[in-house]
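Given next are the chains, with one letter for each unit.
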Amino acid sequence: MVQFQGNSGAGGGGELIHMVTLDKTGKKSFGICIVRGEVKDSPNTKTTGIFIKGIVPDSPAHLCGKLKVGDRILSLNGKDVRHSTEQAVIDLIKEADFKIDLEIQTFDKSDESKNDSRNNGYMQAKNKFNQGTNKMLTVHTMTVLTANLSLEQTPTSNMGTGRQSTVRNDPRRSSTFAASQRIKHVPTHYDEDDEDTRDMTGRIRTEAGYEIDRASAGNCKLNKQEKDRDKEQEDEFGYTMAKINKRYNMMKDLRRIEVQRQANVPLGIALAGHKDRQKMACFVAGVDPNGMLASVDVKPGDEIVEVNGNVLKNRCHLNASAVFKNVEGEKLVLITSRRKPNDEGMCVKPINKFPASTDETKFIFDQFPKARTVKVRKEGFIGIMVIYGKHVEVGSGIFISDLREGSNAEAAGVKVGDMLLAINQDVTLESNYDEATGLLKRAEGVVTMILLTLKSEESIKAEKDAEEKKKEEAKKEAEKPQEPATAEIKPNKKILIEVKVDKKPLGVIVTGGKNNHVKTGCVITHIYPEGAFATDNRLKIYDHICDINGKAVHCESLTTLKVHQLFHVTYEKTVNFTVYRADPPELEKFNVEFMKKSGKELGLSLTPNERGCTICDIIQGQYPEIDNKLQRGDIITKFNGDSMEGCTFQVCYALFKGANGKISMEVTRPKPTLRTEAPK
């Protein structure tokens, strides 16, 4: 338990730019959490960019002693990131090896002389750099594009978009820790010329009439200054190098490659995926000297991010062949990024001898052992209809929706409901409807399809029913009486447990009593690590104690003092408790706001835990707003908008000690259902 009181000072302003090198050798990460936002330099000016939102304790960022929460990152490994998105900088950090060089702008010189460890922040970085990986299928193979590309259809690509966040921080404050707790995500309102907040999903037509992805560089929006600098005329797909560089500003050595199609001449490139199976990418693994791209600036290792307004970035290379075959027009325009020879990324080594052909469908049978190959002769039509849909067993994909009666497909054994995995040697696992139908229209002669027959809805339902039956039997088994000394506390049922104490204090704070704000039950709000409850390790915060040694705890008739005394009695050997653990917990939350005067104590004694800070005592008469609303056992879960869950002692101390002016606290209090009968 600790008494939290005190003030925080104010310091001078200023700016300082310095270089910081972080080496994560032996560590899991560099230890910085970033956010795109803004800092107000004055009432009329502001600075936008990428800011450090949090620093992980004992990480390279923390141990170097040169970074603070609120610092602005100007460049990373020599790449200017002042106008980059948050995700783009995260991607750049992911691509780095074990070392990154940061150019840092700090807004308070006075903190440079302080060696207090608070300058590095205590807040845990909650936004990990590896959030949310795409669960797409990627294999370490390469695709060879050798087909003639005189085609008709245009594919679509679903690309998501999200809004940015801003961080507002006051550079005049000298307390770095306090600043870190004030960093918040708020909606960003940009000027029309500054940021593009349009929906980037689906397709759009250019002025020349070509259909492109909304996420394409051809649809990239330039602000007024960028338009004035861009003297290049847009091509039919909307491309200019200024738009390409802005759309893919975090990629290296961007190039626009243009080639005219030639009749009966194959494209002549081999494609490969990313070395990291969790990443989607389309790399050039090799270039055929006799192919269409042999005469242009395309080399093994180049990453293809777009072709004719169709985005290939973050798409599997196995589906790129379908995209190439479905693009319209007599001209191909590729957007590529050239990597250095030692850059890791491509899953295979560059090929020197270009293969005549390769089968990219073999891996399908490893992924789907029950898949089968079906050959159908196309005589004007194949006799199938397809649909883009979703199945509970395998997810989204292309499915056979109908068969023409008496068709070659029906005779070959194609079934309604089959999932279409490949057409000839083109994989359709991640293809959309237009890409799949384009491949079917262009197929000639004997068409080889790989199909997967899925379970019917009836069989899936039967399996679910059997699974539910097993769970029910397991539940009945679990409901059998357990030995109180070892009984497991399970949610939403009363459990009798026996706790060994041997005259040791229980070590607990509870709420409840007729003169308490909680009158419907006795609930645990804190467990001290040195008590008998902590040693037993079964009880948790928000557990409802219904009776002690067979005697019900009637909070509606007992005073708060009497309820507390039940848990401060010295028991001889063991104590029996009937416990109810509600899932979800039965709670109420409310806010308390007041003005804290400089030099005047808060009057709260707090002890931190995984839920927040539990109030273990209140000094009456300090602030009427606290006296009227708070009580012993309440848990402060947010302080001035910042979560207190899991905070360390040092964090809690710094927050409450440095607080001044308007204070806002979110308080969580148990609100249990009445589970004890009225005393007779």
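Residues numbered from 1 in each chain as written. Predicted model: local features only at pLDDT ≥ 70, side-chain atom pairs only at ≥ 80, totals over all residues. Heavy atoms only, no water.

Section: the overall build of the chain
Each helix and strand in the chain was counted, giving 14 helices and 36 strands. Considering the chain as a whole, with its 680 residues, one finds that 48% of them fall into the buried category. Look at the contacts in the chain between residues 6 or more apart in sequence, and 71% of them connect residues 24 or more apart. Counting only carbon and sulfur atoms, one obtains 48% of the accessible surface of the chain, whose full area is about 34200 Å². (Helix = DSSP H or I, 4+ residues; strand = E, 2+ residues; numbered from the N terminus. Buried < 20%, exposed > 50% of the residue type's maximum accessible area, 1.4 Å probe, protein only. Contact = heavy atoms within 4.5 Å. Areas by Shrake-Rupley, 256 points an atom, 1.4 Å probe, with all protein chains shown as cover.)

Here's the deal with empty space enclosed by the protein
Throughout the structure, instances matching the rule amount to four cavities of 30 Å³ or more. Quantified by volume, the second largest cavity comes out at close to 70 Å³. Considering the residues around the second largest cavity, the lining is formed by Val523, Tyr542, His544, Tyr580, Ala582, Pro585, Glu586, Leu587, Pro670, Lys671, Pro672 and Arg675. Residues belonging to the lining of the second largest cavity are distributed by class as follows: eight nonpolar, one polar and three charged. (1 Å grid on protein atoms, 1.4 Å probe; cavity = no way out; pocket = protein on both sides within 12 Å on 5 of 7 lines; lining within 4 Å. Points joined across faces, edges and corners; volume = space filled by probe spheres on them. Nonpolar A, V, L, I, M, F, W, Y, C, P; charged D, E, K, R; others polar.)

Quick word on the environment of Asn408
Mapped onto the elements, Asn408 comes out in helix H8 (residues 408–412). Residue classification places Asn408 among the partly exposed residues on the basis of a relative accessible area of 29%. Between the C-alpha atom of Asn408 and that of Ile382, which follows or precedes it by 26 residues, the distance is 6.6 Å.

Some thoughts on the confidence of the model for the chain
Mean pLDDT over the chain stands at 79; residues scoring 70 or higher make up 82%. No element of the chain has a lower mean pLDDT than helix H3 (residues 176–182), which averages 29, and none a higher one than strand S28 (residues 544–548), which averages 96. A low-confidence stretch, residues 1–13 stays under pLDDT 50, and its non-local contacts, those more than four residues away or across chains, total 43 contacts. With pLDDT under 50 throughout, residues 109–141 is counted as low confidence; its partners more than four residues away or in other chains account for 86 contacts. (pLDDT = per-residue confidence, 0-100.)

A look at the side chain of Arg538
Secondary-structure assignment places Arg538 in the loop between helix H11 (532–536) and S28. Looking at Arg538, the relative accessible area reads 13%, which means it is buried. At 3.0 Å, the side chain of Arg538 and the backbone oxygen of Pro484 are in polar contact. With near-sequence residues (within four places) excluded, Arg538 lies in contact with Pro484, Ala485, Thr486, Ala487, Ile489, Ile497, Glu498, Val499, Phe533, Asp543 and Arg581. (Polar contact = N/O pair within 3.5 Å; in protein donor to acceptor, adjacent residues only side chain to side chain.)

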